[in-house]
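Next come the chains, spelled out residue by residue.
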Amino acid sequence: VLKMDRVAAICNFQPGQRLLDMGCGWSGPALYFAEKHGLQVTGLTLSEVQREHAMHRAEKRGLADKVDIQVCNVLDADFPDECFNHIIFFESIIHMWEKLELFQFCHRVLRPSGMLFVQESNYDRNSNTEKFRGDRGFALVDQVFGETTTMVSTGEMVRLMEEAELKICYTENISTHYRRTLAQWGDRIDEHGDEMAEAVGPFFNNFRKYIMMALETYRTEATLCHMTAAQK
């Protein structure tokens, strides 16, 4: 709750405004912002299962008229110009190759003074990109977590936003918080390892390895997590 309200303050959410959640996953933030901040939220996902889950939860919470989850590739979405007040990427743009095109898309569909918010894991510097892509552990992370070879540094992310004519107005390094989150995830996995292994089979061991590797890269600060906001 504190995190979601912090994002709302950074973006200055106002009731009735339109929010686009790019890669909305299971739609936790989308539902929260609709319910607690009165936004009209459109979410994009590649998963029909995620859409059904989110819309079911929206119906149960009386939010069906405020939340619309669509199944499509983010760059295939057909929205008119200047139709959203805000756009968010919550740990989703790491899976997307076309970052410059995405930010240009954001610039087109944002209203004047509209806000783009990105929270993402990034390399500590962009020169490490090729080194990490060639690492043996990286292939496992990519297999378990989905497409992650598109990861860049925070500086590169900012550069691409600027190339799309978006003006950076806020950035914050939240890596210490993210390390704590990863450590807690690891503890929960170990506490419930037997039932998780029974539920997902061989995937469980690889998922646990992924969490441990991610935590190590954060502890050594080879990976950082930033919240960055830019304005049209």
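Heads up: the structure comes first, above all this text.
Because the structure is a prediction, the values reported are computed rather than measured. (Residues numbered from 1 in each chain as written. Predicted model: local features only at pLDDT ≥ 70, side-chain atom pairs only at ≥ 80, totals over all residues. Heavy atoms only, no water.)

Points about the overall build of the protein chain
The helix and strand tally for the protein chain stands at 10 helices and 7 strands. Against the globule reference of 17 Å for 232 residues, the protein chain gives a C-alpha radius of gyration of 18 Å, in line with a compact fold. With the C-alpha coordinates of the protein chain rotated into their principal frame, the extents come out at 45 × 45 × 30 Å. Sequence-distant contacts, at least 24 apart, represent 79% of the contacts inside the protein chain between residues at least 6 apart. When the accessible surface of the protein chain is totalled, it reaches about 11,800 Å², and 50% of it is carbon and sulfur. Taking the 25 positively charged and 34 negatively charged side chains of the protein chain as two groups, their mean positions are separated by 4 Å. (Helix = DSSP H or I, 4+ residues; strand = E, 2+ residues; numbered from the N terminus. Rg over C-alpha atoms; globule rule 2.2 N^0.38 Å. Contact = heavy atoms within 4.5 Å. Areas by Shrake-Rupley, 256 points an atom, 1.4 Å probe, with all protein chains shown as cover. Lys, Arg positive; Asp, Glu negative; His and termini not counted. Charge placed at Lys NZ, Arg CZ, Asp CG, Glu CD.)

A short note on the side chain of D21
Within the secondary structure, D21 sits in strand 1 (residues 18–22). For the buried residue D21, which engages in no salt bridge, the nearest side chain bearing the opposite charge is R57, 10 Å off. Beyond its immediate chain neighbours, meaning those up to four positions away, D21 contacts P29, A30, T42, G43, L44 and I88. (Buried < 20%, exposed > 50% of the residue type's maximum accessible area, 1.4 Å probe, protein only. Salt bridge = Lys/Arg side-chain N within 4 Å of Asp/Glu carboxyl O.)

Let's talk about the packing of helix 1 (residues 2–11) against helix 2 (residues 28–37)
Two elements in contact, helix 1 and helix 2, have axes whose closest approach is 11 Å; the angle formed by their N-to-C orientations is 70 degrees. The orientation of helix 1 with respect to helix 2, classified from their angle, is roughly perpendicular. Where helix 1 approaches helix 2, its residues M4, D5, V7 and A8 are matched on the opposing element by P29, Y32, F33 and H37. Tallied by class, residues from the contact of helix 1 with helix 2 come to 6 nonpolar, 1 polar and 1 charged. (Axes fitted to C-alpha atoms, helices over the stretch in contact; angles between N-to-C directions. Parallel < 35°, antiparallel > 145°, perpendicular 65-115°, else oblique. Nonpolar A, V, L, I, M, F, W, Y, C, P; charged D, E, K, R; others polar.)

Observations concerning helix 2
With respect to burial, helix 2 is a largely interior element, 7 of its 10 residues being buried. Burial in helix 2 covers these residues: P29, A30, L31, Y32, F33, A34 and H37. Among the structural elements, helix 1, strand 1, strand 2 (40–45), helix 3 (48–60), strand 3 (67–71) and strand 4 (84–90) are those in contact with the buried residues of helix 2. Where helix 2 terminates, the next one or two residues include G38, which has phi positive at roughly 70 degrees.

What to know about unusual backbone geometry
Phi at E91 is positive, roughly 55 degrees, even though this residue is not glycine. Located in the positive-phi region is S113, a residue other than glycine, with phi close to 70 degrees. Considering the arrangement of structural elements, one finds S113 in strand 5 (residues 110–123). Residue classification places S113 among the partly exposed positions, given a relative accessible area of 47%.

Notes on the nonpolar core
Judged by nonpolar contacts, the single largest core of 38 residues is most densely connected at F13, L19, F33, V67, F90, F117 and L182. Looking at this core element by element, the count peaks at 6 residues for helix 10 (residues 203–219). Those residues within four positions of F117 in sequence are excluded, and the remaining contacts are V7, I10, C11, I87, I88, F89, F90, M227, T228 and A229. Residues L20, C83, I87 and F103 belong to the second largest nonpolar core, which totals 28 residues. (Core = buried A, V, L, I, M, F, W, Y, C linked by side-chain atoms within 4.5 Å.)

Here's the deal with the pairing of strand 3
With 5 bridges connecting them, strand 2 and strand 3 associate as parallel partners. Its bridge partner lying in strand 3, G43 is registered against I69. (Pairing = 2+ DSSP bridges.)

Some thoughts on the sheet that holds strand 4
Within a sheet, neighbouring strands are paired by backbone hydrogen bonds and run either parallel or antiparallel to one another. Strand order in the open sheet made by the 7 strands is 3-2-1-4-5-7-6, with mixed pairing throughout. Whereas interior strands pair on both sides, the edge strands pair on one side only; in this sheet they are strand 3 and strand 6 (167–173). Sheet twist, expressed as the mean angle between neighbouring strand axes with direction ignored, is 15 degrees. When strand 4 meets strand 5, the two strands line up parallel, connected through 6 bridges. Across the sheet, I88 pairs through a bridge with F117, a residue of strand 5. Lying over the sheet, helix 1 contacts strand 4, strand 5, strand 6 and strand 7 (223–231), oriented at roughly 135 degrees with respect to strand 5. Packed onto the sheet, helix 3 meets strand 2 and strand 3 and runs at close to 170 degrees relative to strand 3.

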